[in-house]
Amino acid sequence: GAVVSQHPSWVICKSGTSVKIECRSLDFQATTMFWYRQFPKQSLMLMATSNEGSKATYEQGVEKDKFLINHASLTLSTLTVTSAHPEDSSFYICSARTVKAGANVLTFGAGSRLTVL
Amino acid sequence: KQEVTQIPAALSVPEGENLVLNCSFTDSAIYNLQWFRQDPGKGLTSLLLIQSSQREQTSGRLNASLDKSSGRSTLYIAASQPGDSATYLCAVRFGWAAGNKLTFGGGTRVLVKP
């Protein structure tokens, strides 16, 4: 089955530093990947849609200069949280889209927990 | 504004009791609706996907219904087990133009007590 891997699964960093999170589709090619953020006890909120080879489309209220998304290949998208602050501490989840039997299928990664001190 | 709401936010039941989880959405012109399970600190596991043309989907002890006219979906879990304890999320794809964007409800945290 389709597998999406996120790395790292958790990371602690100092305020002001940048953190990169990777999202890889292990056994399929994903033309589109989605990045979500989830604060404690809240639901997932879509941050951006990432298409291979083009600029990401950000949701309203998400700073594109702060959350840099790169989708350089069909199996890898990265989210970089630049100049992280404690309020960026959250659970970040990616999902990758593929097509099976003519139907769109979304597969979610296990998530990456970011704690900014 | 297209919104998805899940009530209650938390639910506690004794083992063996049937679970009923509710999801409501504001726009009846949906493309599909999906139920997920999330364990603490983990990603999402897809449980059931209901297309807009369907009224229900079943998988084992799980059954999900869809009523577009009233903007509701219900997830039934029969004969609950402690292993069913998790957060259950409902997500809606509002129309083809939305691509694969999913709008998530706030989730219902379920605790099944042995």
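Residues numbered from 1 in each chain as written. Chains lettered and ligands numbered in written order. Predicted model: local features only at pLDDT ≥ 70, side-chain atom pairs only at ≥ 80, totals over all residues. Heavy atoms only, no water.

## A closer look at the overall build of chain A
Thinking step 1. Scanning chain A from N- to C-terminus turns up 0 helices and 11 strands.
Thinking step 2. Secondary structure elements in chain A, listed N-terminal to C-terminal, are β-β-β-β-β-β-β-β-β-β-β.
Thinking step 3. The globule rule puts the C-alpha radius of gyration for 117 residues at 13 Å, and the 14 Å found for chain A is close to it.
Thinking step 4. For chain A, the spread of C-alpha atoms along the principal axes amounts to about 45 × 25 × 20 Å.
Thinking step 5. At a minimum sequence separation of 6, the contacts of chain A that also span at least 24 residues come to 54%.
Thinking step 6. With the model as given, the accessible surface of chain A reaches about 5,800 Å², and the carbon-plus-sulfur share is 53%. (Helix = DSSP H or I, 4+ residues; strand = E, 2+ residues; numbered from the N terminus. Rg over C-alpha atoms; globule rule 2.2 N^0.38 Å. Contact = heavy atoms within 4.5 Å. Areas by Shrake-Rupley, 256 points an atom, 1.4 Å probe, with all protein chains shown as cover.)

## So, the pattern of salt bridges
All names here are of chain B.
Thinking step 1. The full count for this structure, using the stated rule, is 4 salt bridges over all chains.
Thinking step 2. Residue aspartate 39 pairs with arginine 37 through a salt bridge whose shortest N-O separation is 3.0 Å.
Thinking step 3. Across the pair arginine 61 and aspartate 84 runs a salt bridge, and its minimum N-O distance is 2.9 Å. Of this pair, arginine 61 sits in the loop between strand S6 (56–59) and strand S7 (62–67) while aspartate 84 sits in the loop between strand S8 (72–77) and strand S9 (86–93), and the two are 23 residues apart along the sequence. (Salt bridge = Lys/Arg side-chain N within 4 Å of Asp/Glu carboxyl O.)

## Section: the confidence of the model for chain B
Thinking step 1. For chain B, the mean per-residue pLDDT works out to 90, and 96% of the residues sit at or above 70.
Thinking step 2. Mean pLDDT values over the elements of chain B span from 88, in strand S10 (residues 103–104) of chain B, up to 97, in S8(B). (pLDDT = per-residue confidence, 0-100.)

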